[in-house]
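Notes for the structure review
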Amino acid sequence: MSDRALTVELEHHAYPIYIGSDLLLDDGLLSRHVMGRQVMLVTNDKIAPLYIGTVQRAFASYQCDVVVVPDGEIHKNQQTVLMIYEALIQHNHHRDTTIIALGGGVVGDVTGFVAATYKRGVRLIHIPTTLLAQVDASIGGKTGINHLGGKNNIGSFYRPHAVIMDLNTLKTLSLRELRSGVAEVIKYGLLVGGDFLALIESFLSHDLIPLNTDALYLLIKQSCQIKAEIVQEDEFETGRRALLNLGHTFAHALESYTNFERWLHGEAVAIGLYCAALLSYQLNLITMVDVDYVDALLKRAQLPRRIPKDIDIDGLYELMFHDKKIKNKSLRFVLMKAFGTCYLDETVTQAQLRSVLLAVIE
Ligand code: GLY
């Protein structure tokens, strides 16, 4: 199975998203979007032993250098950015080099930031190898690093030239990583409702974790379609794109509070989705049956839904005020009026937020 599934059409720039099996074995595809004769492959210490040799083979006739960064959200920082700059400078990469991000969301975000800034911007190709990176992080051009307690506090929008998703890379993914990606898929389901939410529900109700390749292909393709359509309309998040942050104000605070060490991003998003559902209920937007539905869906994906007791609600609340989504000093939450009907709310009070956080503590 292999196809050029989608194109993200932006003003003055369009890029393809390829989704299929064995794409890493397709040398012609890997080199198609490289223009000069230099390539810098950026990957992490988990992915390098699995796939770096395969990707390098496609660039045997190029100057192909590799930089292996440490794995984990805790390394999405300025030290890793410097490590990649130094490799580029040491190997004398020019403005026409192409940087390839081979890995999950952390590799993609950090590498994207380097590509945006090295020599004022060089070509970038994403090869996302986790479900989360395939359905979310590699599409839409957000790049960045964490700093001073704030998730993605430093970053830029930077458009890749291609995104290549090989479904085979998901076969080596741990179940935990796979579930983390499913959290973002559930997010899309809640955002659009209807058939897509029903599809996710049907896959999860058959206890299909780990999901088979056909199911993954459908979920990835439709998630990418949803995201591409939103990004095409609002690339720089001046409006509708903010809806993609459903559950994320909670999630980012939870990740920062625990120094990015306790949860995978999708796990924190899962707790955030449950918080967003409960907040929507407390504001009389949805019913408790809806909240239980969200809870059950996340539970079937074996994702966390509650805030552990050791987390201090006041500390979490403070961190929410460092969130990028703050506007005019008020917190902004994506809330649900129904599955498929979400909106951005800036009127949530401290008391309402506290009451939700207290209710979500396990
Ligand atoms: N992950 C949310 C976005 O790309 O806008």
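Remember, it's a predicted structure, so these values are computed and weren't measured experimentally. (Residues numbered from 1 in each chain as written. Predicted model: local features only at pLDDT ≥ 70, side-chain atom pairs only at ≥ 80, totals over all residues. Heavy atoms only, no water.)

Here we look at the overall build of the protein chain
Using the following cut-off: Counting from the N terminus, the helices are DSSP H or I runs at least four residues long and the strands are E runs at least two residues long. Atoms counted for the radius of gyration: C-alpha only. Globule rule: 2.2 Å times residue count to the power 0.38. Exposure classes here rest on a 1.4 Å probe applied to the protein chains alone. A residue is buried below 20% of its type maximum, exposed above 50%, and partly exposed in between. The contact rule is simple, with two residues in contact once any of their heavy atoms fall within 4.5 Å.
Along the backbone of the protein chain there are 13 helices and 11 strands. Expected size for 362 residues packed as a compact globule is a radius of gyration near 21 Å; at 20 Å, the protein chain falls within 12% of this value. Dimensions of the protein chain, computed from the C-alpha atoms along their principal axes, are close to 60 × 40 × 40 Å. With 362 residues in all, the protein chain has 60% of them scored as buried. At a minimum sequence separation of 6, the contacts of the protein chain that also span at least 24 residues come to 75%.

A few points about helix α13 (residues 350-360)
Quick note on the threshold: The arc refers to the directions leading from the helix axis to the C-beta atoms.
Those residues of α13 that fall on the buried side of the exposure criterion are Leu353, Val356, Leu357 and Val360. Down the axis, α13 shows its buried residues gathered within 95° of arc, on one side only. Looking at the buried residues of α13, the elements they touch are α9 (248-257), α10 (265-282), α12 (313-320) and β10 (333-338).

Observations regarding the pattern of salt bridges
The cut-off we apply is this: By definition here, a salt bridge exists when the distance from a side-chain nitrogen of Lys or Arg to a carboxyl oxygen of Asp or Glu is within 4 Å.
Considering all chains together, one arrives at 18 salt bridges under this definition. Of the charged contacts in the structure, one is a salt bridge between Glu255 and Lys151, with a shortest N-O distance of 3.1 Å. Residue Glu255 is located in helix α9, and its partner Lys151 is located in strand β8 (residues 150-157); the two are separated by 104 residues in the primary sequence. Lys151 carries the same exposure label as Glu255, and that label is buried. Across the pair Asp295 and Arg306 runs a salt bridge, and its minimum N-O distance is 3.1 Å. Residue Asp295 is located in helix α11 (residues 288-300), and its partner Arg306 is located in the loop between α11 and α12; the two are separated by 11 residues in the primary sequence.

That is the geometry; function is a separate question.
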